[in-house]
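A closer look at the structure
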Amino acid sequence: AGSAGAAGGECLLLARPEQGRTHQVRLHCAAAGSPILGDALYGGGEGRGPLQRHGLHALALTLVSPATGAPLEVVAPLADDMRR
C-alpha cells in the first residue's frame, strides 16, 4: 500500500488486497483513522466537490475465469468525477 499526500487532509491510497471485499478496505482505512472520502457508513462524511459518492474505486481486478480457468484481468479507468 502507498499514498500521496494532498492539500485539505485527503490523500490518494493504493491498496492491493489479496482477497476480500470492498467492505474490508473501507473498514481498515477507517480503523487507521483515514476513512474513505464520502463513505458515510465508516466515518468519511459526505462526498465533496464533484465527487458526490464514496471515493473507493477498483482500478483492476484479477480473477480466474470460470469458463477457461485462465487468469482474467478486468480494468476500469477512473470516472470523470474522480479525476478532478
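A short tour of the structure in this document, coming up.

In terms of helices and strands, the chain carries two helices and four strands. Written out in order from the N terminus, the α and β elements of the chain read β-β-α-β-β-α. By residue count, 15% of the 84 residues in the chain fall in the buried class. Summed over its atoms, the accessible surface of the chain is roughly 6,500 Å², and 57% of this surface lies on carbon and sulfur atoms.

Here we take up the pattern of salt bridges. Enumeration according to the criterion identifies three salt bridges in this entry. Residue Arg26 is joined to Asp39 by a salt bridge in which the shortest nitrogen-to-oxygen separation is 2.7 Å. Of this pair, Arg26 sits in helix H1 (residues 22-31) while Asp39 sits in the loop between H1 and strand E3 (60-64), placing them 13 residues apart in sequence. Considered together, Arg26 and Asp39 belong to a single accessibility category, that of buried residues.

A separate point is the side chain of Asp81. The residue Asp81 is located in helix H2 (residues 80-83) in this model. By relative accessible area, Asp81 is classed as buried at 19%. Polar contacts involving the side chain of Asp81 include one to the side chain of Arg53, which spans 2.9 Å. Apart from residues no more than four positions distant in its own chain, Asp81 is found in contact with Pro50, Leu51 and Arg53.

This paragraph deals with the pairing of E3. In this sheet, strand E4 (residues 71-75) lies alongside E3 in antiparallel orientation, the contact comprising five bridges. In the strand pairing of E4, Leu63 is matched with Leu72. Hairpin connection from E3 to E4: six residues lie between these consecutive antiparallel strands, with Gly69 at a positive phi of about 80°.

Moving on: the environment of His57. Relative to the assigned elements, His57 resides in the loop between H1 and E3. At 2.7 Å, the side chain of His57 and the backbone oxygen of Ala76 are in polar contact.

The next subject is the side chain of Asp39. A relative accessible area of 3% means that Asp39 is categorised as buried. If we skip the residues at most four places from it in the chain, Asp39 touches Arg26, Gly44, Gly45 and His54.

Moving on: a nonpolar patch on the surface. Residues Leu61, Leu63, Leu72 and Val74 make up a contiguous nonpolar surface patch of roughly 330 Å² in combined accessible area. Residue placement: Val74 occurs in strand E4. Overall, Val74 belongs to the partly exposed group, its relative accessible area being 45%.

Thresholds applied
- The written sequence of each chain sets the order in which its residues are numbered from 1.
- Only residues with pLDDT of 70 or above have their local features reported here, since the model is predicted, and side-chain atom pairs are shown and tallied only from 80 upward, although totals for entire chains, interfaces and linings are computed over all residues.
- Water and hydrogen atoms were dropped before computing side-chain values, which therefore reflect all heavy atoms in the structure.
- Helix numbers and strand numbers start at the N terminus; a helix is a DSSP run of H or I with at least 4 residues, a strand a run of E with at least 2.
- Relative accessible area decides the class of each residue, using a 1.4 Å probe on protein chains only: under 20% of the type maximum gives buried, over 50% gives exposed, and in between gives partly exposed.
- Using a 1.4 Å probe, the Shrake-Rupley method yields the accessible areas, and only the shown protein chains count as cover for residues.
- Salt-bridge detection follows one rule: a side-chain nitrogen of Lys or Arg within 4 Å of a carboxyl oxygen of Asp or Glu.
- In protein, a polar contact means a hydrogen-donor-capable atom and an acceptor-capable atom, both N or O and within 3.5 Å, with residues adjacent in sequence counting only if both atoms are side-chain atoms; elsewhere, any N or O pair within 3.5 Å suffices.
- Should any heavy atoms of two residues lie within 4.5 Å, those residues are considered in contact.
- Two strands make a pair as long as DSSP finds a minimum of two bridges between them.
- Within this analysis, patches are made of residues with over 30% relative accessible area and no salt bridge. Like charges are joined at 9 Å or less; nonpolar side chains (Val, Leu, Ile, Met, Phe, Trp, Tyr) at 5 Å or less.

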